[in-house]
Amino acid sequence: MTPLYQKTAPTAIIDNTTMGLDPTRVTPAEAGFSMPAEWAPHAATWLAWPQNEDDFPGKLEAVRWALADWVAKLTRGERVRLVTGSARAEQQARAWLARAGASLRRVDFLRHPLDRGWMRDCGPIFVTRSGPAPRRAIVHMHFNGWAKYDNWRRDHRIPQAAAARLRVPLFRARWNGRPFVCEGGGIEGNGLGTLLSTEECYLDPRTQVRNPGFTRTDTEAAWRAFLGVKNVFWLGRGIAGDDTHGHIDDLCRFVGPRTLVLVREDNPRDANHRPLRENWERIADLRLEDGSKPEVVPLPMPAPVFFDGQRLPASYANFYIANHAVFVPTFNDPNDRVALGILGELFRDRPVVGIHALDLVWGLGTLHCLSQQEPA
């Protein structure tokens with residue numbers, strides 16, 4: 001029988017009860033786990049092979065090529081765990097990756113039914129600890145299609161399948177007696193205890209409500225229990241065109257334990273100008289887990305990207321930090337060079353590489369949205 005999880009006495013389920021952890025009386029935080037920073041060493045990057053035509057109408061083939069090319073670049077520095085929805089999809093993926101020059105020896109093909117496969121949001125969220133084994137675990141945050149789409153139930157089971165494949169404990173995140181909804185794109189951490197999110201995404205009581213009835217206190221308490229964070233800071237709204245309703249990974253990202261980038265729109269006629277200006281006003285109050293004030297570096301926005309009359313969430317903040325490089329979406333825009341230069345100055349330990357993302361963003365997300373890191 002699965003226990004109910006109360007905010008007054010938080011508990012967690014760990015599917016693998018041979019790991020030496022209490023299966024009913026411990027949360028990840030209580031067991032010493034926390035969510036590491038994205039720049040911590042990776043064992044692998046998780047991706048899904050694009051197969052849903054509804055995600056990329058008229059551009060699915062172009063997106064497959066873009067992903068195959070990115071996998072080829074990723075496999076130069078780490079393994080890729082590629083989730084495919086069927087044997088046919090795996091065969092197709094193998095052919096595309098081979099043509100793109102990817103090292104297939106560094107790709108694990110994992111068959112699992114998919115709805116859409118945006119790994120940042122439906123994939124496994126890993127936590128780690130430096131104490132006794134096991135040193136890695138997966139937190140199964142409930143995924144419900146961003147509280148917007150109906151096709152999410154197969155994607156929702158990916159973390160469970162990942163835990164079984166990797167033989168690591170699986171914590172099921174529940175709070176106030178029900179599953180706790182949280183997507184990886186809606187949270188951003190520095191690995192030392194500070195977590196950023198937006199009020200638009202998790203506190204809006206009317207639009208795409210993830211956890212109905214939850215207060216700010218409830219949401220923060222769940223993050224503390226299941227991600228091991230100590231300090232939560234809220235920005236306001238996300239960028240125009242984002243159908244997740246305010247994901248932080250298009251907006252504000254840590255690039256080091258005490259440094260972050262925040263996007264800025266200088267054109268007062270642009271829809272992003274006012275909400276981004278308000279976020280810049282808010283960020284002045286941010287203090288890190290030790291009480292210190294971080295360095296905040298402005299990151300430009302590209303000019304608005306439209307396709308078929310729809311504004312798309314193009315943002316340089318949707319970069320992905322891999323073992324050997326930082327991959328940044330680019331949009332054939334003059335600010336591409338500016339953004340790459342800024343990030344190149346901030347990441348001195350690995351090169352910054354631009355990835356053409358005009359086809360990817362038609363799916364309403366780019367590199368960070370597509371990927372999920374597995375810590376070493």
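In this text, all values refer to a predicted model and were calculated from it rather than measured experimentally.

(A) Fine view of the overall build of the chain. The helix and strand tally for the chain stands at ten helices and 20 strands. Over its C-alpha trace the chain gives a radius of gyration of 19 Å, about what one expects of a compact globule, namely 21 Å for 376 residues. Projected onto its principal axes, the C-alpha coordinates of the chain cover approximately 55 × 50 × 40 Å. By residue count, 60% of the 376 residues in the chain fall in the buried class. Sequence-distant contacts, at least 24 apart, represent 75% of the contacts inside the chain between residues at least 6 apart. By element, 48% of the accessible surface of the chain is carried by carbon and sulfur atoms, the whole surface being about 15,000 Å². Here the chain contributes 47 positively and 43 negatively charged side chains, and the mean placements of these two sets differ by 5 Å.

(B) Expanded view of the pairing of strand S18 (residues 326-330). Summarising burial for S18: five of the five residues are buried, a large majority. Burial of the side chains of S18 extends over both faces: Val326, Val328 and Thr330 are buried on one face and Phe327 and Pro329 on the other. Once you follow S18 into helix H9 (residues 335-346) and on to strand S19 (residues 352-356), the crossover reads as right-handed.

(C) Layout of the nonpolar core. In terms of nonpolar packing, the biggest core is built from 89 residues, with Leu47, Trp70, Leu82, Leu251, Cys252 and Phe319 touching the most fellow members. The contacts of phenylalanine 319, once residues within four sequence positions are left out, are Glu38, Arg253, Phe254, Val255, Val261, Val326, Phe327, Val328, Pro329, Leu343, Phe347 and His368. Within the second largest apolar cluster, 27 residues are counted, among which are Met35, Val127, Ile187 and Val229.

(D) Highlighting helix H7 (residues 216-227). Along its twelve residues, H7 runs 16 Å from first to last C-alpha, staying within 8% of the 16 Å computed at 1.5 Å per residue. Turning to H7, its buried residues are Asp218, Thr219, Glu220, Ala222, Trp223, Ala225, Phe226 and Leu227.

(E) Fine view of the sheet that holds strand S9 (residues 188-189). Taken together, the three strands give an open sheet; going across it, the order is S9-S10-S11, and neighbouring strands pair in mixed fashion. At either margin of the open sheet sits one strand with a lone partner, and together these are S9 and strand S11 (231-235). As defined by bridge partners, S9 adjoins strand S10 (residues 194-198) across two bridges and the pair is classed as antiparallel. By the bridge assignment for S10, glutamate 188 is matched with leucine 196. Its contacts with the sheet place H7 against S10 and S11, and it is angled at close to 135° to S11.

What counts, and at which threshold
- Residues numbered from 1 in each chain as written.
- Predicted model: local features only at pLDDT ≥ 70, side-chain atom pairs only at ≥ 80, totals over all residues.
- Heavy atoms only, no water.
- Helix = DSSP H or I, 4+ residues; strand = E, 2+ residues; numbered from the N terminus.
- Rg over C-alpha atoms; globule rule 2.2 N^0.38 Å.
- Buried < 20%, exposed > 50% of the residue type's maximum accessible area, 1.4 Å probe, protein only.
- Contact = heavy atoms within 4.5 Å.
- Areas by Shrake-Rupley, 256 points an atom, 1.4 Å probe, with all protein chains shown as cover.
- Lys, Arg positive; Asp, Glu negative; His and termini not counted.
- Charge placed at Lys NZ, Arg CZ, Asp CG, Glu CD.
- Right-handed = clockwise from strand over helix to strand, strands pointing away.
- Core = buried A, V, L, I, M, F, W, Y, C linked by side-chain atoms within 4.5 Å.
- Expected span 1.5 Å × (residues − 1).
- Pairing = 2+ DSSP bridges.
- Axes fitted to C-alpha atoms, helices over the stretch in contact; angles between N-to-C directions.

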